[in-house]
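Report on the structure
The lines below spell out each chain.
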Amino acid sequence: MTDNWAGVEEFLDDTLGGPGSGKFLNLLTRMVDAKRVLEIGAQDGRSTVWLARGVGPSGRVVTLVSNTEHASMVRSDLEGAESAEAVEIVVGPAVTTLHSVRTDDDSSFDLVLVDAVDENSAQYVEWALVLGRPGTVVVLGNVVRGGEVLDESSSDPAVRGTREVLALLASHPRLDAAALQTVGTAGWDGFAVALVVE
Ligand SMILES: C[S@@+](CC[C@H](N)C(=O)[O-])C[C@H]1O[C@@H](n2cnc3c(N)ncnc32)[C@H](O)[C@@H]1O
């Protein structure tokens with residue numbers, strides 16, 4: 001994982017709409033001075049490594065993965081990574097494991113990354129409200145999906161889940177949110193950011 005960009009494509013890809021995503025998350029973590037981060041959905045450590053680097057060795061990153069294979073991939077990517085000791089990996093379907101997630105000293109999470117990209121995204125955002133506080137930042141990946149998100153007749157669970165969560169972001173009284181579109185080698189996509197308010 002490097003800070004050195006090899007070119008325009010790498011630079012554009014390093015958002016939640018592209019395959020990189022890490023540097024954007026690292027910047028956001030530092031911008032909001034997040035010390036406690038919850039990552040909902042990781043396949044490997046590409047985001048986790050950058051989140052750990054962002055919170056520093058005294059911070060905490062709780063990463064939810066669906067199975068032991070993905071847990072191994074996250075662990076492997078974390079080997080030798082900066083502040084890897086800050087990361088706790090929790091294995092199992094996020095809708096289940098979220099019930100057991102606690103902050104270590106009962107402090108709320110400062111930043112929640114919703115990136116499982118399945119049909120349960122709205123539930124994950126509801127959990128971000130439970131485990132966060134006014135001022136917590138919530139980020140959601142892959143919310144444009146090549147424009148498919150505009151297809152209200154889609155049967156794709158990811159599209160349906162995304163439409164549901166965008167409707168929640170647009171209407172929830174405790175969320176102030178915006179969505180942004182991105183372009184990169186993975187195509188046209190985007191991410192959403194939300195601020196938890198009183
Ligand atoms: C877009 S990727 C996550 C990218 C991740 N932030 C990273 O950089 O590795 C979505 C991943 O979330 C995980 N996921 C999907 N549904 C999940 C669930 N219900 N519980 C936990 N993880 C889930 C899957 O491993 C899936 O590959």
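What this report covers is the structure whose coordinates are included nearby. (Residues numbered from 1 in each chain as written. Predicted model: local features only at pLDDT ≥ 70, side-chain atom pairs only at ≥ 80, totals over all residues.)

Description of the overall build of the chain
Inclusion rule: Labels follow the DSSP assignment, with helices taken as runs of H or I lasting at least four residues and strands as runs of E lasting at least two, numbered in each case from the N terminus. The globule rule is 2.2 Å times the number of residues to the power 0.38, and the radius of gyration it is compared with is taken over C-alpha atoms. Exposure is read from a count of other C-beta atoms within 10 Å of each residue's own; the residue is exposed at 12 or fewer, buried at 20 or more and partly exposed in between. C-beta atoms are placed from the backbone. In this description, any two residues whose backbone-derived C-beta atoms lie within 7 Å of each other are considered to be in contact.
Summing up its helical and strand segments, the chain has 7 helices and 7 strands in all. In terms of overall dimensions, the chain is globule-like: its C-alpha atoms have a radius of gyration of 16 Å, near the 16 Å expected for 198 residues. Out of the 198 residues in the chain, the part that is buried amounts to 45%. If you take every contact in the chain between residues at least 6 apart in sequence, the share linking residues at least 24 apart comes to 68%.

Quick notes on the environment of glutamate 198
Structurally, glutamate 198 can be placed in the segment after strand 7 (187-196). Between the C-alpha atom of glutamate 198 and that of proline 173, which follows or precedes it by 25 residues, the distance is 8.5 Å.

Considerations on the sheet that holds strand 6 (residues 175-184)
Basically, it comes down to this: Strand pairing follows a simple DSSP-based rule, namely that at least 2 bridges must link the two strands. For helices, the fitted line uses only the C-alpha atoms of the stretch in contact; every axis is such a line through C-alpha atoms, and the angle between N-to-C directions lies from 0 to 180 degrees.
Strand order in the open sheet formed by 7 strands is 3-2-1-4-5-7-6, and the pairing between neighbours is mixed. The strands lining the two open edges of the sheet, one partner per strand, are strand 3 (87-91) and strand 6. Between one strand axis and the next, the sheet turns through 15 degrees on average, direction left out of account. Contacting strand 1 (36-40), strand 2 (60-65) and strand 3, helix 3 (residues 48-55) crosses the sheet at an angle of about 165 degrees to strand 2. Contacting strand 5 (137-140), strand 6 and strand 7, helix 7 (residues 157-171) crosses the sheet at an angle of about 135 degrees to strand 6.

Re unusual backbone geometry
Of note in the backbone geometry, aspartate 33 takes a positive phi value of approximately 55 degrees without being a glycine. Note that aspartate 33 resides in the loop between helix 2 (22-31) and strand 1. In this structure, asparagine 142 is a non-glycine residue whose phi angle is positive, near 55 degrees. Along the chain, asparagine 142 falls in the loop between strand 5 and helix 7.

What to know about the pairing of strand 3
Each regular strand displays side chains that alternate between the two surfaces of the sheet. Going by this rule: When the strands point away from the viewer and the path from the first strand over the helix to the second turns clockwise, the crossover is right-handed.
Sheet topology places strand 2 next to strand 3; 5 bridges connect them, and they run parallel. Across the sheet, the residue bridging to valine 65 is valine 91, located in strand 3. On the question of chirality, the crossover connecting strand 2 to the parallel strand 3 by way of helix 4 (residues 68-78) is right-handed.

With respect to the packing of helix 2 against helix 3
Our working rule: To sort the angles, those under 35 degrees are grouped as roughly parallel, those over 145 as roughly antiparallel, those from 65 to 115 as roughly perpendicular, and the leftovers as oblique. A clockwise turn of the near helix away from the far one marks a right-handed crossing, whereas an anticlockwise turn of less than a right angle marks a left-handed crossing. Amino acid classes used here: Ala, Val, Leu, Ile, Met, Phe, Trp, Tyr, Cys and Pro are nonpolar; Asp, Glu, Lys and Arg are charged; the rest, including Gly, are polar.
Orientation of helix 2 relative to helix 3, taken along the N-to-C sense of each, is 25 degrees, at an axis distance of 8 Å. One finds that helix 2 runs roughly parallel with respect to helix 3. Taken as a pair, helix 2 and helix 3 cross one another with a handedness that is right-handed. Where helix 2 abuts helix 3, its residues Gly22, Lys23, Leu25, Asn26, Thr29 and Arg30 lie against Val49, Trp50, Leu51, Arg53, Gly54 and Val55. Among the residues forming the contact of helix 2 with helix 3, the class breakdown is 5 nonpolar, 4 polar and 3 charged.

Notes on the environment of glycine 190
Position of glycine 190 relative to the elements: it lies in strand 7. For the pair glycine 190 and leucine 140, spaced 50 residues apart in the sequence, the C-alpha separation amounts to 8.8 Å.

Brief notes about the site of the ligand
Quick note on the threshold: Near, as applied to residues and a molecule or strand, means the residue's backbone-placed C-beta atom lies within 6 Å of it.
In the region of the ligand, 19 residues are neighbours, and Gly41, Gln43, Ser47, Ser66 and Ala94 sit closest. Residues belonging to the shell around the ligand are distributed by class as follows: 7 nonpolar, 8 polar and 4 charged.

Observations regarding helix 7
Heads up, the rule is: Here the expected length of a helix is defined as 1.5 Å per residue gap, with one fewer gap than residues.
Along its 15 residues, helix 7 runs 21 Å from first to last C-alpha, staying within 8% of the 21 Å computed at 1.5 Å per residue. Those residues of helix 7 that sit buried are Val159, Gly161, Thr162, Arg163, Val165 and Leu169. Structurally, helix 7 contributes buried residues whose contacts are with helix 6 (121-131), strand 5, strand 6 and strand 7.

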